[in-house]
Amino acid sequence: MDPSEFDPSSLMLVAELVGTAVFAASGASAAVGKRLDLFGVVVIGVLCALGGGATRDLLIGSDLLLLTDWRYPLVALVASMIVFWFHPALSRMRPTMLVLDAAGLALFTVVGTEKGLDFGLAVYAACIVGVLSGIGGGILRDVLVQEIPAVLREDFYAMAAAIGAVIVAVGARWESIIGHWTLALTAIATIFVVRLLAIRFRWEAPKPNF
């Protein structure tokens, strides 16, 4: 393949679909853990995968991606069904799933922040939209399976997303100098590394002492 014909947007699409599948698997796994039936597993898996993006699109007044691009809901549906049927084997892949989840969080946060900026949002608003794009599906998952949302009780999940969103939103001012892909990849790498370090070293935000 001629390098001049390389289309970065195609790579981004593939990455987004992989992230969608990972988030769907995360939601479906939580539903399986609650012993829901196939319908419940699929519903929670799809909502976990697409909920963050839907929240983002509603906030910025964009067309809902899940209604305009069939590939995203299809990938979420297939991933959820795979988890339902093969969850015993997949449960042994937890370390791999955590790595992929960190990658999905990074990608969705950066894409969400960029989309917020494209729609003319202020820096702080674009950051909020970006973080919600990354963590929104997980919040829906936890609420539906009657758990306290992980972003409110566990390690640097939302915080990692917030750091990356700030990099994108603030760095956009110098994007013509830095370059779009350099800025985006820097933010993605930052979220990814911070999230993995938080998992490895069990970083947590301060909690009240009792």
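Residues numbered from 1 in each chain as written. Predicted model: local features only at pLDDT ≥ 70, side-chain atom pairs only at ≥ 80, totals over all residues. Heavy atoms only, no water.

Draft legend 1. Fine view of helix H10 (residues 180–201). Look at H10: 32 Å from first C-alpha to last across 22 residues, which is about the 32 Å you get at 1.5 Å a residue. Of all the residues in H10, the buried ones are Leu183, Ala184, Ala187, Ile188, Ile191, Val194, Arg195 and Ala198. Summarising the axial view, the buried residues of H10 lie within an arc of 135°, below the 170-degree limit, and thus occupy one face. Among the exposed residues of H10, those oriented more than 90 degrees off its buried face are Leu185 and Arg200. Summarising the contacts, the buried residues of H10 are in contact with helix H5 (94–118), helix H8 (158–171) and helix H9 (175–178). Arg202 lies just past H10 and shows a positive phi near 55°. (Helix = DSSP H or I, 4+ residues; strand = E, 2+ residues; numbered from the N terminus. Expected span 1.5 Å × (residues − 1). Buried < 20%, exposed > 50% of the residue type's maximum accessible area, 1.4 Å probe, protein only. Arc of directions from axis to C-beta. Contact = heavy atoms within 4.5 Å.)

Draft legend 2. Broad picture of the packing of aromatic side chains. In the structure shown here, the tally under the stated rule is 4 aromatic pairs. Ring geometry for Phe84 versus Trp85: centroids 5.0 Å apart, planes at 90°, classification edge-to-face. Judged by its relative accessible area of 21%, Phe84 is partly exposed. A cation over a ring is seen here: Arg173 above Trp174, with NZ or CZ 5.6 Å from the ring centre. Just above the ring of Phe201 sits the side chain of Arg200; from NZ or CZ to the centre is 5.1 Å. (Phe/Tyr/Trp six-rings, centres within 6.5 Å; stacked < 30°, edge-to-face > 60°. Lys NZ or Arg CZ within 6 Å of the ring centre and 35° of its normal.)

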